[in-house]
Amino acid sequence: KKKKKKRESLTMEVDSGKHDPLPDEYVRLISSDGFEFIIHKEQAMTSNLLKSALESGFSEAKTGTIPLLEVPGKVLEKICQYFYYKRRYDKCRTERPTFEFPTEMSIQLLMFADYMET
């Protein structure tokens, strides 16, 4: 059974082990604590780690589902938000707004940004 939880603007589901198929333009990222984040594949490609997984011949590329067993849900949520932020403002000619995140999450975000090669 899947239980829905809400956190900010993303809907997450507790991982039940069975995943519904996704349209090709989306990917599913699963955190260490079982939260699922369904994001556009284009945003996921911001990460070299995810890009490599999605372009490989392995099951992640075929199913569009990538388990990130070392990344907790609250951190993965912020990383997903950053993917959208980065894509939106990458080619912006004006000053881009600050990407907001809780200061207590700083070290985790730095560590996992490095891990995900963003």
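Below you will find a few notes about this structure. (Residues numbered from 1 in each chain as written. Predicted model: local features only at pLDDT ≥ 70, side-chain atom pairs only at ≥ 80, totals over all residues. Heavy atoms only, no water.)

**Considering the packing of helix 4 (residues 73-89) against helix 5 (residues 106-116)**
Then comes step 1: Where helix 4 meets helix 5, the closest approach of the two axes is 10 Å, and the angle between their N-to-C directions is 65°. Considering only the axes of helix 4 and helix 5, their crossing is right-handed. Taking contact as the criterion, the partners of Lys74, Val75, Lys78, Ile79 and Phe83 in helix 4 are, on helix 5, Gln108, Leu109, Phe112 and Met116.
Then comes step 2: Considered class by class, the residues forming the contact of helix 4 with helix 5 number 6 nonpolar, 1 polar and 2 charged. (Axes fitted to C-alpha atoms, helices over the stretch in contact; angles between N-to-C directions. Helix = DSSP H or I, 4+ residues; strand = E, 2+ residues; numbered from the N terminus. Left-handed = near helix turned anticlockwise from the far one by under 90°. Contact = heavy atoms within 4.5 Å. Nonpolar A, V, L, I, M, F, W, Y, C, P; charged D, E, K, R; others polar.)

**What about helix 5?**
Then comes step 1: Within helix 5 the residues assigned to the buried category are Leu109, Phe112 and Met116. One side of helix 5 holds all its buried residues, which, seen down the axis, span an arc of 80°. Exposed residues pointing more than 90 degrees away from the buried face of helix 5 are listed as Ile107, Leu110 and Asp114.
Then comes step 2: The secondary structure elements touched by the buried residues of helix 5 are helix 2 (48-55) and helix 4. (Buried < 20%, exposed > 50% of the residue type's maximum accessible area, 1.4 Å probe, protein only. Arc of directions from axis to C-beta.)

**Topic: the pairing of strand 4 (residues 36-40)**
Then comes step 1: Relative to strand 4, strand 3 (residues 26-30) is paired through 5 bridges, and the arrangement is antiparallel. Looking at the pairing, Tyr26 lines up with His40 of strand 4. (Pairing = 2+ DSSP bridges.)

**A word on the layout of surface pockets**
Then comes step 1: If you add up the space inside the largest pocket, you get close to 220 Å³.
Then comes step 2: Along the wall of the largest pocket there are 10 residues; nearest its centre are Tyr82, Phe99, Leu109, Leu110 and Ala113.
Then comes step 3: Within the residue set of the lining of the largest pocket, elements represented by two or more residues are helix 4 and helix 5.
Then comes step 4: In terms of residue count, the dominant contributor to the lining of the largest pocket is helix 5 (4 residues). (1 Å grid on protein atoms, 1.4 Å probe; cavity = no way out; pocket = protein on both sides within 12 Å on 5 of 7 lines; lining within 4 Å. Points joined across faces, edges and corners; volume = space filled by probe spheres on them.)

**Regarding the nonpolar core**
Then comes step 1: In terms of nonpolar packing, the biggest core is built from 21 residues, with Leu29, Leu50, Leu68 and Ile79 touching the most fellow members.
Then comes step 2: Those elements giving two or more residues to this core turn out to be strand 3, strand 4, helix 2, helix 4 and helix 5.
Then comes step 3: Among the elements that take part in this core, helix 4 stands out by supplying 5 residues, more than any other. (Core = buried A, V, L, I, M, F, W, Y, C linked by side-chain atoms within 4.5 Å.)

**Details of the pairing of strand 3**
Then comes step 1: Counting buried positions along strand 3 yields 4 of 5 residues, so the element is predominantly enclosed.
Then comes step 2: Hairpin connection from strand 3 to strand 4: 5 residues lie between these consecutive antiparallel strands, with Gly34 at a positive phi of about 90°.
Then comes step 3: For strand 3 and strand 5 (residues 65-67), the ladder comprises 3 bridges, and the chain directions are parallel. The partner of Leu29 across the bridge, within strand 5, is Ile66.

**Notes on the environment of Ala113**
Then comes step 1: Note on placement: Ala113 falls in helix 5.
Then comes step 2: When its relative accessible area of 25% is taken as the criterion, Ala113 is described as partly exposed.

**Remarks on the side chain of Arg28**
Then comes step 1: Here Arg28 shows up in strand 3.
Then comes step 2: A polar atom in the side chain of Arg28 sits 3.0 Å from the side chain of Glu36.
Then comes step 3: Of note is the side chain of Arg28, whose polar atom sits 3.1 Å from the side chain of Thr65.
Then comes step 4: Look past the residues within four positions of Arg28 in its chain and what remains in contact with it is His19, Asp20, Leu22, Glu36, Phe37, Ile38, Gly64, Thr65 and Ile66. (Polar contact = N/O pair within 3.5 Å; in protein donor to acceptor, adjacent residues only side chain to side chain.)

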